[in-house]
Amino acid sequence: MSETLLRSKKFIVGLAIVIAIAMIGIIGPYLTRDPLKENWNAVAQPPDSDYLLGTTVLGEDVLAQLCTGIRNSLEVGVLAGGLGTLIAVLFGALGAYKGGWADEISSFVTNVMIVFPMIPLLLIVSELTQQRSLMLVGLLIALFYWPWAARSIRSQVLSLREREFVDLARLSGMRDATTVVTEVLPNMLAYIIMVFILLAGGGMLAEAGISMLGVGPSNSVTLGQMLFHAMNETITPYWWGVWWWFIPPGIVLTFFLSAVFVMHAGMNELFNPRLRRE
Amino acid sequence: MKVPKRKLVFLAIGSLLILQFVLLLVYSYLYEINQAPFQINYDPLTAFLISWILFCIGIVILITMGR
Amino acid sequence: MRRRTRDLLHNRFAAFVAKKVVFYLIVAFVAMTFVFFITHLMPGNPVDRMIASLTSGGPGGGQTYLKLKAQLMDYFGLNKPLFEQYLIFWRELFTLNLGPSYPINYPQSVLSIIILRLPYTLAIVIPVLLLSFFLGNWIGAKAAYAGGKRSELVYFFSVFSNRLPSFWFGMVLVFVFAGVLKIFPGYGLASLGTMSSWKLSYFLDVLEHYSLPFITLFIIYVGGWATGMRSMVTHEMDSGYVRYSEQLGFRKNKLMSYAERNAILPQVTGLNLQLNALIGETAILEIIFGWPGIGKMMFDAVGADDYMLIFGGFMVIMVVVILGNFLIDILYGFIDPRIRTGGRQ
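Residues numbered from 1 in each chain as written. Chains lettered and ligands numbered in written order. Predicted model: local features only at pLDDT ≥ 70, side-chain atom pairs only at ≥ 80, totals over all residues. Heavy atoms only, no water.

What follows concerns the overall build of chain B. Across its full length, chain B carries 2 helices and 0 strands. The C-alpha atoms of chain B give a radius of gyration of 15 Å, which is well past the 11 Å a tight globule of 67 residues would have. Considering only C-alpha atoms, chain B reaches an extent of 45 × 20 × 15 Å along its principal axes. Across the 67 residues of chain B, 31% fall into the buried class. The long-range fraction of contacts in chain B, counting pairs at least 24 apart against all pairs at least 6 apart in sequence, stands at 76%. Approximately 4,400 Å² of chain B is accessible, and the part contributed by carbon and sulfur atoms is 71%. (Helix = DSSP H or I, 4+ residues; strand = E, 2+ residues; numbered from the N terminus. Rg over C-alpha atoms; globule rule 2.2 N^0.38 Å. Buried < 20%, exposed > 50% of the residue type's maximum accessible area, 1.4 Å probe, protein only. Contact = heavy atoms within 4.5 Å. Areas by Shrake-Rupley, 256 points an atom, 1.4 Å probe, with all protein chains shown as cover.)

Printed below as a string of structure tokens:
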């Protein structure tokens, strides 16, 4: 199946962009200056040969902040995605596989949680916690995002449940939970990985959103924090025109999310061949 | 060609919703030039916003019915 | 015809509606209970905080302090057992008593503040949701039907615009249109110092301030609908009946409307999710643009530790979300012929 995946143009393009941005986040911070080092001689400078993306109001290197920001945002996203996928698999796969009671309950819980508006909830919960680490934010986001993933995983498990190898496992007396873990999940591995990537992307977006409101991770440079500071550390930011400071984080986010979306679209074409011809 | 009754009802509602917004604007214009025929004692801002919402709903209804 | 509708309504559709009502009531119950427990899980005692702010945080613990605290706790019923407080909570809810806002607008009632601010948020949410739905789906359908390179182009544009972070894109638009081009104002409800009035100039002023947040969300959501509808219509077209009918000589417009009608159904399902997302994004944009809606109200409340307002606001948001989702579900049930006529597969 991996060969067919590699043939999907959408998947390849999406994956390439995701990897490229991730690379910037992983390797970038080693190649750039300290993102929090202020340079009072070069305050709010537009991009030039020395500071490729200019400087912030405090003279910090925007490019360095961008790289570190990508890394930290990715960290939150991966945390949120990982935990969220775990919970989603629990609610989606186990419930769907067992059927009947378990399915009713888990899908009901999922549906109820989906209705909750995330942003106000995140605001409230963030209000309760003073110092927020990257991990905490990732955790919170996972807690609010898993219902989306659970839904798709559930539908996928439902379709896999009727396949032969599952019947075989059941006949040979395997317990339900074991069957799910050893037979069903490995067959959906690509799908689960995609769900993880989707959740991670969504997590990055959510982190950026709450950071911009001031309730994001404290003391970390993330893409959202860059936006927050750009908005709040300039008196009249838009009139000062420090566009080199707040435009790049958003562009990176948009490209990353678009790439994730396109990857997902490519994969969907694979899992639902009906959609394949465009 | 006879138009089904239900469609007519919706068309009427949609047009009404659009009309109320236009009337509101007209009234506010008259108010501006001090020619308002009567006073409305309701909060202007809330009225404007709600009127705008209804206006959008009206447009949407008309578009749906126009298919 | 009318009797048949009534018969059918008594069967499938009514059952459908009933199921939805029960579901959403449960969601409401869960949400309110959640709010209750969060308020009681909060660190610290609200009475302590209250006394501290009244006495400018002087040393506590003295006899007078304890007496005062006991009295206040008694007054607010905070020393009752948890379950009894829970019941009181529900009683207050049903009498629509959401408490006074403290300390922001004391002693104004939370309910009155929320009712005041709700239209502002709805003025953005409802028009964006409805208008973007129609424009986006129309663009998507047209692109799908055109096919080829044009379809691909629309696809990439709509995916990109849909993935724009709304809060960031708002900033960008403010920078471009307010900062550089100076066409629209970038903040607030109306120009500084203007009083609310019935004048047209005032309305136009508000409209100007409304434009940027509206456009920000509008572009993003149009992109979303366009992407979805394009796929849906392309899928419909691949079903063969479209090309076949074209060969038979059907007019293109007629065909397009049939394809659209089938494709729009799953889109309406998406309307629910988009509504929920939109409410959240509008809240953020209100904060950024200073548009005085529920979102900004919650944000200010969080900043000032106005717990009554925070939770009252959250509960009202839940009600709006639940109502909206419910209405959309009913609308979907109305449109989907399978649910309306009660056909069993």
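Alright, that's what it looks like, and here's the rest.
What chain A contains, in helices and strands, is 12 helices and 0 strands. Counting from the amino terminus, chain A carries its helices and strands in the arrangement α-α-α-α-α-α-α-α-α-α-α-α. For chain A, the accessible area works out to roughly 12,400 Å², and carbon and sulfur atoms hold 65% of it.

Opposite the 27 residues of chain B that make contact, chain C presents 24 residues. Between chain B and chain C lies a buried interface of about 2,400 Å² when both sides are counted; carbon and sulfur atoms form 79% of it. Counting across the interface, chain B meets chain C through 0 salt bridges. If you look at where chain B meets chain C, you find 6 residue pairs in polar contact (both at pLDDT 80 or more). Broken down by secondary-structure element, the contributors of at least two residues to the side of chain B that touches chain C are helix H1 (5–32) and helix H2 (44–66) of chain B. Per-element tally for the side of chain B that touches chain C: the top contributor is H2 of chain B, with 15 residues. When grouped by side-chain class, the residues that make up the side of chain B that touches chain C number 20 nonpolar, 3 polar and 4 charged. (Buried area = accessible area lost by both parts, 1.4 Å probe. Salt bridge = Lys/Arg side-chain N within 4 Å of Asp/Glu carboxyl O. Polar contact = N/O pair within 3.5 Å; in protein donor to acceptor, adjacent residues only side chain to side chain. Nonpolar A, V, L, I, M, F, W, Y, C, P; charged D, E, K, R; others polar.)

Moving on, we come to the interface of chain C and chain A. Of the residues lining the interface, 50 residues belong to chain C; the matching set on chain A comes to 45 residues. For the chain C and chain A pair, buried surface summed over both sides reaches about 4,500 Å², with 81% attributable to carbon and sulfur atoms. The tally of links between chain C and chain A comes to 0 salt bridges. Between the two partners, chain C and chain A, sit 2 residue pairs in polar contact (both at pLDDT 80 or more).

A separate point is the packing of helix H5 (residues 110–146) of chain C against helix H8 (residues 200–238) of chain C. Residue and element names in this part refer to chain C. Close contact between H5 and H8 brings their axes to 6 Å; oriented N to C, the two are set at 35°. In this structure, H5 crosses over H8, and the sense of that crossing is right-handed. A per-class count over the contact of H5 with H8 returns 25 nonpolar, 5 polar and 1 charged. (Axes fitted to C-alpha atoms, helices over the stretch in contact; angles between N-to-C directions. Left-handed = near helix turned anticlockwise from the far one by under 90°.)

Take the layout of surface pockets next. A volume near 2,200 Å³ is recorded for the second largest pocket. Secondary-structure elements contributing two or more residues to the lining of the second largest pocket are H1 and H2 of chain B together with H5, helix H10 (252–289), helix H12 (307–335) and helix H13 (337–340) of chain C. Looking at the lining of the second largest pocket, the element that brings in the most residues is H10 of chain C, giving 13 residues. Along the lines of polarity and charge, the residues of the lining of the second largest pocket split into 31 nonpolar, 5 polar and 8 charged. (1 Å grid on protein atoms, 1.4 Å probe; cavity = no way out; pocket = protein on both sides within 12 Å on 5 of 7 lines; lining within 4 Å. Points joined across faces, edges and corners; volume = space filled by probe spheres on them.)

Residues and elements named next belong to chain C. Along the chain, the position of Thr216 falls in helix H8. With a relative accessible area of 0%, Thr216 lands in the buried category. If we ignore the near neighbours within four places in the chain, the residues touching Thr216 are Ser166, Phe169, Gly170, Leu173, Leu285 and Phe289.

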